[in-house]
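A closer look at the structure
Single-letter residue listing:
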Amino acid sequence: MSAGALLAVGLCLGFGALSLQRERAARAGELADRYVETARLINDEVGERLELINAMPAACGPEEVAALRALVLSARFIKTAVRLDDGRVVCSSVGGPVDPPAEAPRVDLIGRNGRRISLAVPQPGVPGSRLMVFREGEAMVSVHGRAFVDAVDPRLDFALVVDNGEAARVMFTNTASLQGLERLPRGESALTFNGRSYEVRCTLPYTGCIVADLRESPSLWDSRTLPEMIGLGLLLGLTGGFAFSAFLGRSRSLSRQLMLAMRGGELRVVYQPIVRLSDRRRVGAEALLRWTDATGKRVSPDAFISEAERNGMIGQVTRFVISRVLEDLGDELRRRPDFQVTVNVSADDLLDGGFLPYLSARLQAARLPACSIGLELTERTTDNSRELSRAIARVREAGHKVYIDDFGTDYSSLSYLSRLRVDAIKINRTFMQALHDQSDQDTIAPQIVVMAEVLGLTMVVEGVEEEQQAAYFHTLAPDALAQGWLFGKPLDARQLFMS
Ligand code: C2E
Ligand code: CA
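Here's what I pulled together on the structure shown here. Just so it is clear, the model here is predicted, and its values are computed rather than measured.

What counts and what doesn't
Residues numbered from 1 in each chain as written. Chains lettered and ligands numbered in written order. Predicted model: local features only at pLDDT ≥ 70, side-chain atom pairs only at ≥ 80, totals over all residues. Heavy atoms only, no water. Helix = DSSP H or I, 4+ residues; strand = E, 2+ residues; numbered from the N terminus. Buried < 20%, exposed > 50% of the residue type's maximum accessible area, 1.4 Å probe, protein only. Pairing = 2+ DSSP bridges. Donors = N, O, S within 2.8 Å, 3.2 Å for Na, K, Ca; no water. Tetrahedral: all angles 85-135°; square planar, octahedral: opposite > 155°, others 65-115°.

Some points on the environment of Gly-264
- Structurally, Gly-264 is set in the loop between α6 (253–263) and β13 (267–276).
- We classify Gly-264 as exposed; its relative accessible area is 58%.

Re the pairing of strand β8 (residues 156–163)
- Burial analysis of β8 places 8 of its 8 residues in the buried class, which makes it a mostly covered element.
- Residues Leu-156, Phe-158, Leu-160 and Val-162 of β8 are buried on one face, and the alternating residues Asp-157, Ala-159, Val-161 and Asp-163, pointing to the opposite face, are buried as well.
- Judged from the 7 bridges that link them, β8 and strand β12 (residues 208–214) form a sheet pairing that is antiparallel. Counted as the bridge partner of Val-161 is Cys-209 from β12.
- The turn linking β8 back onto strand β9 (residues 168–173) is made up of 4 residues, and Gly-165 within it adopts a positive phi angle of 100°.

Quick notes on the coordination of the calcium ion (ligand 2)
- The protein atoms that coordinate the calcium ion (ligand 2) are Glu-286 (OE), Asn-344 (OD1), Glu-376 (OE), Asp-405 (OD) and Asp-405 (OD), at distances of 2.2 to 3.1 Å.
- One can describe the site at the calcium ion (ligand 2) as irregular: its 6 donor atoms subtend angles covering 45 to 175° at the metal.
- For the calcium ion (ligand 2), all donor residues lie on one chain, and their spacing in sequence is E-x57-N-x31-E-x28-D. Here Asp-405 lies in strand β18 (residues 402–407) and Asn-344 lies in strand β16 (residues 340–345), a separation of 61 residues in the sequence.
- Relative accessible area serves as the criterion here: at 5%, Asp-405 is assigned to the buried category.

Comments concerning unusual backbone geometry
- Cis peptide bonds are those with omega within 30 degrees of zero, and the linkage from Asp-99 to Pro-100 qualifies with 0°.
- Mapped onto the elements of the fold, Pro-100 is located in strand β3 (residues 96–103).
- Positive phi, normally seen in glycine, also occurs at Asn-194, with a value near 50°.
- Relative to the helices and strands, Asn-194 is located in the loop between β10 (190–193) and β11 (196–202).
- Positive phi values are uncommon outside glycine, yet Arg-367 reaches one of about 55°.
- Note on placement: Arg-367 falls in the loop between α10 (355–365) and β17 (373–378).
- Residue class for Arg-367 comes out exposed when judged on its relative accessible area of 63%.

Following this line, the structure appears as structure tokens:
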């Protein structure tokens, strides 16, 4: 009897492990397919724009420069457009005519479609940022290197690989286990490398490929084969099933700690002043979370916020921040109707049907107008969709200002911004570093200022640490707002209205 039961338990575990393994591969394949769809969109846009540039007259008068800029500003992924003459750069969407003509970047590889590609070209004015440059005929466009990486689902361990049919080259990987990959299987959609199985998907046969596996096993409880498993589980009693699930289930330790931290008072909100550049008056503040754990160690918001986004906890975090803002600053905000506190939100918050009713109810209970709270949405999370545009429209109709956070380093494009319809952009602080480094004169900040003006957007310049940076932006955009250590570090609520 007991031997029979053991055999049955063994069979069930074996069946469970096998079907989880199959499901793991299927899910990795689905997520890899989604990446390929976005990569195709990028490649299509590149191809379309290269064709248009090649059809333009070779001159570089104001009309051609305006046409090049229009090409970039109406694009979703493309950052710069360039016209070549005899292989040398003569006209660019950033600076207009280039005289004397400049060298084009070195070609690193030629794609199957004949497009010449340069990898990791430094982006002028944005330290650390790399572009991918595509060339065809006398046309050249660049795409932010991260556009491809950001298109990959965060649940994957993956490598992005370029394969011209002769050799494969890993362009980016987030896992040591795929380093050294030099060959992709011909005609196969799966690969075993260093003892681990991966799914392989490519745009054209072997041009841009993704090699991917789920980072964590699907847990038994998330599994699509759960109904089959339950049948067996009932047969065998729940005990074995629980143990198995606990064994396979993924750890959510950081999220659990975050939950406890919220309840246990380890999280607090600080407020960084936002000033008007022209007279440096404080017109608002950004709410920023701080987590000091029980041992006194600080946990960086960059780490725990992205974990909360991954694990579906960001809604609770955002509501916590909103509650705190109203508790901390309610009285002051009632006294100062012009003062606005901005709260960082993720796209998931806006897409959650309960979010706006929650925010409105809390504001009403605090007897505050909607304009007391603005919402900052990072450019990185605003990836898609009509749905998000509608959600943004709803919060704006309710009276909240919407800011695109960290603008400029990712996919800044005019059509994208006008589609999203927001009130303001916050210019990423890497631009300040570019200004600090005087060798980098050709920052794209003026291009962004022009974009914002065309769309009637308020501009907030982030990360201002020095007078010289404030002066630069004051000349460029006299109506801009600013935030940074020069005007004040993040402060406790008590200190915010003291000076
Ligand atoms: P962010 O929204 O871009 O916030 C601005 C970050 O720049 C803050 O870092 C701030 O302390 C820092 N900063 C401000 N002025 C300066 C300056 O002059 N120089 C330099 N070098 N840095 C400056 P922090 O607080 O570490 O936050 C990092 C990121 O974490 C934030 O970036 C935001 O994306 C996220 N975050 C923070 N609090 C929250 C929150 O309550 N909810 C959500 N969803 N995200 C949050
Ligand atoms: Ca922010």
